[in-house]
Amino acid sequence: MSDRKRSTALALASALAGSAVLFTAPAAHAAVVDVAYDCKTPIGDKSAVSPIDIKAVKQGDGYKLTMTFQKGVSSSPIELGKGAMNPSAVILVDGAEKVSVPVSGPSNPEAVPPDTPIKITDLSGTYTPKKSGKVTFTAGVLTIMAMGTTTTCTPGNSPKPSLELDVTAPDGGTTQPGADTTGDTLPQTGPADSALALGTLGGTVLLSGAVGVLWLTRRGRRARS
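What you are looking at is a predicted structure, and each value in this text was computed from that prediction instead of being measured.

1. Topic: the overall build of the protein
Here is step 1: From N to C terminus, the protein includes two helices and 10 strands.
Here is step 2: For the protein, the N- to C-terminal ordering of α and β elements is α-β-β-β-β-β-β-β-β-β-β-α.
Here is step 3: For the protein, buried positions account for 28% of its 225 residues.
Here is step 4: Excluding contacts between residues fewer than 6 apart, the proportion of contacts in the protein whose partners are at least 24 apart in sequence is 68%.
Here is step 5: For the protein, the computed accessible surface area is about 14,200 Å², with 59% contributed by carbon and sulfur atoms.

2. Observations concerning the nonpolar core
Here is step 1: If you look at the biggest cluster of nonpolar residues, it comprises 35 residues, and the most contacted ones within it are Tyr37, Met67, Phe69, Ile120, Tyr127, Phe137 and Leu142.
Here is step 2: In terms of residue count, strand E8 (residues 133-146) provides more of this core than any other element does, six residues in total.
Here is step 3: Leave out the neighbours within four places in its chain, and Phe69 touches Tyr37, Ser50, Pro51, Ile52, Lys119, Ile120, Leu123 and Leu142.

3. Structural notes on the side chain of Ser50
Here is step 1: Tracing the sequence through the fold places Ser50 in strand E3 (residues 44-59).
Here is step 2: If we ignore the near neighbours within four places in the chain, the residues touching Ser50 are Val33, Asp34, Val35, Phe69, Gln70, Lys71 and Val73.

4. Quick look at the state of the cysteines
Here is step 1: Tallied over the entire structure, the rule returns one disulfide.
Here is step 2: Through a disulfide, Cys39 is tied to Cys153; the S-S separation comes to 2.1 Å. One disulfide, between Cys39 and Cys153, carries an S-S torsion of 110 degrees and so falls in the right-handed class. Of this pair, Cys39 sits in strand E2 (residues 33-41) while Cys153 is found in strand E9 (residues 149-155), placing the two residues 114 residues apart along the sequence.
Here is step 3: Cys39 gets classed as buried once you look at its relative accessible area, which sits at 2%.

5. Things to note about the confidence of the model for the protein
Here is step 1: Taken as a whole, the protein shows an average pLDDT of 73; of its residues, 64% reach a score of 70 or greater.
Here is step 2: Mean pLDDT values for the elements of the protein range from 34 in helix H2 (residues 194-224) up to 98 in strand E6 (residues 99-104).
Here is step 3: Confidence over residues 10-26 falls short of pLDDT 50; this stretch has zero contacts with residues more than four positions distant or in other chains.
Here is step 4: Low pLDDT (under 50) marks residues 175-225, which in the prediction has 14 contacts with non-local residues, meaning those over four places away or in another chain.

6. Thoughts on the packing of aromatic side chains
Here is step 1: The final tally for this structure, using the stated rule, is three aromatic pairs.
Here is step 2: The rings of Tyr63, Tyr127 and Phe137 are connected pair by pair, giving a single aromatic cluster.
Here is step 3: One Lys or Arg, Lys58, reaches over the ring of Tyr63 and ends 5.2 Å from the middle of that ring.

7. Here we look at the pattern of salt bridges
Here is step 1: Within the structure shown, the criterion is met by four salt bridges.
Here is step 2: Salt-bridge contacts for Lys40 lead to Asp45; the nearest nitrogen and oxygen are separated by 3.2 Å.
Here is step 3: Given the relative accessible area of 57%, Asp45 is considered exposed.

Rules of the game
Residue positions are given per chain, counting from 1 as you read along its sequence in written order. Where local features are concerned, this predicted model is filtered to residues with pLDDT of at least 70; where side-chain atom pairs are given and counted, the filter is 80 or more; whole-chain, interface and lining totals use all residues. For the side-chain quantities, the full set of heavy atoms in the structure was used; hydrogens and water were omitted. Only DSSP runs of H or I reaching four residues or more are called helices, and only runs of E reaching two or more are called strands; each is numbered from the N terminus. Residue exposure (1.4 Å probe, protein chains only): buried if accessible area is under 20% of the type maximum, exposed if over 50%, otherwise partly exposed. Contacts are assigned to residue pairs with any non-hydrogen atoms lying within 4.5 Å of each other. Only the protein chains shown count as cover for residues, and the accessible areas themselves come from Shrake-Rupley with a 1.4 Å probe. Buried Ala, Val, Leu, Ile, Met, Phe, Trp, Tyr and Cys residues that are joined via side-chain atoms within 4.5 Å together make up what is termed a nonpolar core. Pairs of cysteine sulfur atoms within 2.5 Å are what we label disulfides. Scored from 0 to 100, pLDDT records how confident the predictor is in each individual residue. Between rings of Phe, Tyr and Trp, where Trp is taken as its six-membered ring, a pair exists when centres lie within 6.5 Å; planes separated by under 30 degrees are stacked, by over 60 edge-to-face, and by other angles tilted. Two limits define a charge over a ring: the Lys NZ or Arg CZ must be within 6 Å of the ring centre, and within 35 degrees of the ring normal. Just to be clear on terms, a salt bridge is a Lys or Arg side-chain nitrogen sitting within 4 Å of an Asp or Glu carboxyl oxygen.

Here you go:
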């Protein structure tokens, strides 16, 4: 093989390898987002900002979501004993579909001293998409239950999504609302019989082509005989 052909082959192989990497790489974008929470507590209104990270791991037909708080968002005037606080939250899904995913986590593993920011444990839940496509995950309302009281913290700064991900629905859902995706049928965007009409037209064209070829073949044989 000449040097020129060898260089061309290597360049083509590199391009194909690059394309393979491009197509197989997961389409995801994650960012740690500052969420400014406005909290309604038993002792009055409080506010705090916590950087939040949301991760998604494929698990069966769905995705396990994990929401991590890097700073505490509330405090208690009295000590909270071990296991006294139970956190939960909502992750807002937008894009291909709009849903709310509840997430929860274990209670505080250690006692929390009074007037100390409460560190929220990692919260997790399962998201099973009904439609395939690009979705975003954004921190929603946080709820803290402790010693018979409830604290509700609402994001007040319209935070940006912490995660953007291409997801696949178990049944091969579509990102086009209202489209008919049952089985392998064509989406019906016009009259009810337009998809059938298109299929029939295609079949007619193919059939006519086959008949035409057969007729020409027979005619050719007759002309030679």
